[in-house]
Amino acid sequence: MTPIIATDAASHKPDWRLLIEPLSEHEEAAISAQVQHYPQPQAATIEALKIVQEHQGWVSDGKLKAIANRLQMSPDEVESVATFYNKIYRQPVGKTVISLCDSVSCWIMGYQGLAQSLSQELQIALGETTADGAITLLPTPCLGACDHAPVAMVGGQRAHQLTPTSLIELARQAREQSL
Ligand code: FES
């Protein structure tokens, strides 16, 4: 009798492990150091994502799969952590990321004017990167400094009580430093 052959579509999908972009030695060592702090390797997911982003500037699908493999997780599980944590970039970004807070306090205190002025200055919309790769402009939820609204993160620095002029000045400085 002819054996029944599995025809499940899933069986024809390539193993995701074949699509891994291997971790560099530095990434592997740094992630291993983090894993040691926890009883379960999965607890180091955010740190692992941050480590890869620190080295690559963002987290590609291949690197995300490498993290999943290293931490004994599925790529979907790592993806859900990466999506939840809005400082993990899943697409390439510019050398400086400017994240404009669009939550209530900042919205009331002038978010729209800031976004409009900076978009005009950089010639990009929210979610885009300047042609020279210097700056990416993103909206972000509350940055935890509502009493200093409107607020933005420019690179790693939080900037308070912004005006269109002061924000554009910060963006110009960031651009000069990235060239
Ligand atoms: S609402 Fe913008 S920092 Fe909280």
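Every chain begins its residue count from 1, and numbering advances along the sequence as written. pLDDT decides what is reported in this predicted model: residues at 70 or higher carry local features, side-chain atom pairs at 80 or more are listed and counted, and totals for whole chains, interfaces and linings draw on all residues regardless.

K.L.:
Whenever I open this one, the pairing of strand β1 (residues 96-101) confuses me. Can you help?
P.N.:
Put simply, side chains in a regular strand alternate between the two faces of the sheet. Residue burial is a threshold on neighbouring C-beta atoms within 10 Å of the residue's own C-beta, all placed from the backbone, with 20 or more meaning buried, 12 or fewer meaning exposed, and counts in between meaning partly exposed. For the purposes of this entry, the term helix denotes a DSSP run of H or I that reaches at least four residues, the term strand denotes a run of E that reaches at least two, and both are numbered from the N terminus. In terms of burial, β1 is largely enclosed, as 6 of its 6 residues are buried. What you see with β1 is no split at all: T96, I98 and L100 on one side and V97, S99 and C101 on the other are buried throughout. As paired elements, β1 and strand β2 (residues 135-140) share 6 bridges and run parallel to each other. Within β2, the residue paired with V97 across the bridge is T136. Strand pairing requires that DSSP identify at least two bridges connecting the strands. One ladder, built from 3 bridges, connects β1 with strand β3 (residues 152-154); its direction is antiparallel. By the bridge assignment, I98 is partnered in β3 with V154.

K.L.:
Sorry, what's going on with the sheet that holds β3 here?
P.N.:
Note: strands within a sheet are paired through backbone hydrogen bonds, in either parallel or antiparallel orientation. Judged by pairing direction, the sheet is mixed, and its 4 strands sit side by side in the order β2-β1-β3-β4 without closing on themselves. The strands lining the two open edges of the sheet, one partner per strand, are β2 and β4 (157-159). For this sheet, the mean angle separating the axes of adjacent strands, direction not counted, is 25°. Inter-axis angles, ranging from 0 to 180 degrees, are taken between N-to-C directions of lines fitted to C-alpha atoms, where helices are fitted over the stretch in contact.

K.L.:
Got a minute to help me understand helix α6 (residues 111-122) in this structure?
P.N.:
Quick reminder: α-helices carry 3.6 residues per turn. Residues three or four places apart thus point the same way. Between its first and last C-alpha, α6 extends 16 Å over 12 residues, near the 16 Å set by a 1.5 Å rise per residue. Taken as a whole, α6 has its buried residues at Y111, L114, A115, L118 and L122. When α6 is viewed along its axis, its buried side chains cluster within an angular range of 95° and face the same direction. Counted as exposed and oriented over 90 degrees from the buried face of α6: Q112, Q116 and Q120. Packing partners of the buried residues in α6 comprise β1, α5 (104-108), β2 and α7 (164-178). Directly after α6, the chain includes Q123, whose backbone phi takes a positive value near 60°. Every helix has an expected span of 1.5 Å times one less than the residues it contains. Directions pointing from the helix axis toward each C-beta atom define the arc. Two residues qualify as being in contact provided that their C-beta atoms, derived from the backbone, are within 7 Å of each other.

K.L.:
Please explain the domain arrangement of the protein chain as it appears in this structure.
P.N.:
Accessible area lost during the coming together of the parts is what is often quoted as the interface size. Note that domain bounds follow an automatic or database assignment of domains. Split by domain assignment, the protein chain resolves into domain 1 (9-84) and domain 2 (96-178). On a C-alpha basis, the centroid separation for the pair domain 1 and domain 2 is 30 Å.

K.L.:
What is the right way to look at the environment of L162 in this model?
P.N.:
Relative to the helices and strands, L162 is located in the loop between β4 and α7. For L162 and A152, which are 10 residues apart along the polypeptide, the C-alpha to C-alpha distance reads 7.9 Å. Other than its neighbours up to four places away in sequence, L162 contacts L114, P150, V151, A152 and L167.

K.L.:
How do you make sense of the nonpolar core when you look at a structure like this?
P.N.:
The nonpolar side chains of soluble globular proteins are, as a tendency, buried together. Under the definition applied here, buried Ala, Val, Leu, Ile, Met, Phe, Trp, Tyr and Cys residues are grouped into a nonpolar core through C-beta atoms within 7 Å. Counting residues in hydrophobic clusters, the biggest one holds 19 residues, and the most contacted among them are I98, L100, C101, L114, L118, V151 and A152. Secondary-structure elements contributing two or more residues to this core are β1, α6, β2 and α7. Per element, the largest residue contribution to this core is 5 residues, and it comes from α6. Residues within four places of C101 in sequence aside, it is in contact with C106, Y111, T140, C142, L143, P150, V151 and A152. Membership of the second largest hydrophobic core comes to 15 residues, among which are V52, A66, I67 and A68.

K.L.:
Looking at this structure, how should I read the environment of A29?
P.N.:
With respect to the secondary-structure elements, A29 resides in helix α1 (residues 25-35). Taking the C-beta count within 10 Å as the criterion, A29 has 11 such neighbours and is therefore assigned exposed. Expressed as a C-alpha distance, the spacing of A29 and Y85, which sit 56 residues apart in the sequence, is 23 Å.

K.L.:
I would appreciate a short explanation of the packing of helix α2 (residues 45-56) against helix α3 (residues 61-70) in the present structure.
P.N.:
A pair of packed helices can be characterised by two numbers: the angle between their axes and the separation between those axes. Viewed as axis vectors pointing N to C, α2 and α3 meet at an angle of 145°, and their least axial separation amounts to 10 Å. Relative to α3, the crossing made by α2 is right-handed. Two secondary-structure elements touch here, α2 through A48, L49, V52 and Q56 and α3 through K63, I67 and R70. When residues are sorted by character, Ala, Val, Leu, Ile, Met, Phe, Trp, Tyr, Cys and Pro go into the nonpolar class, Asp, Glu, Lys and Arg into the charged class, and all the rest, Gly among them, into the polar class. Classifying every residue of the contact of α2 with α3 gives 4 nonpolar, 1 polar and 2 charged. Left-handed describes a crossing whose near helix is turned anticlockwise from the far helix by less than a right angle; the clockwise case is right-handed.

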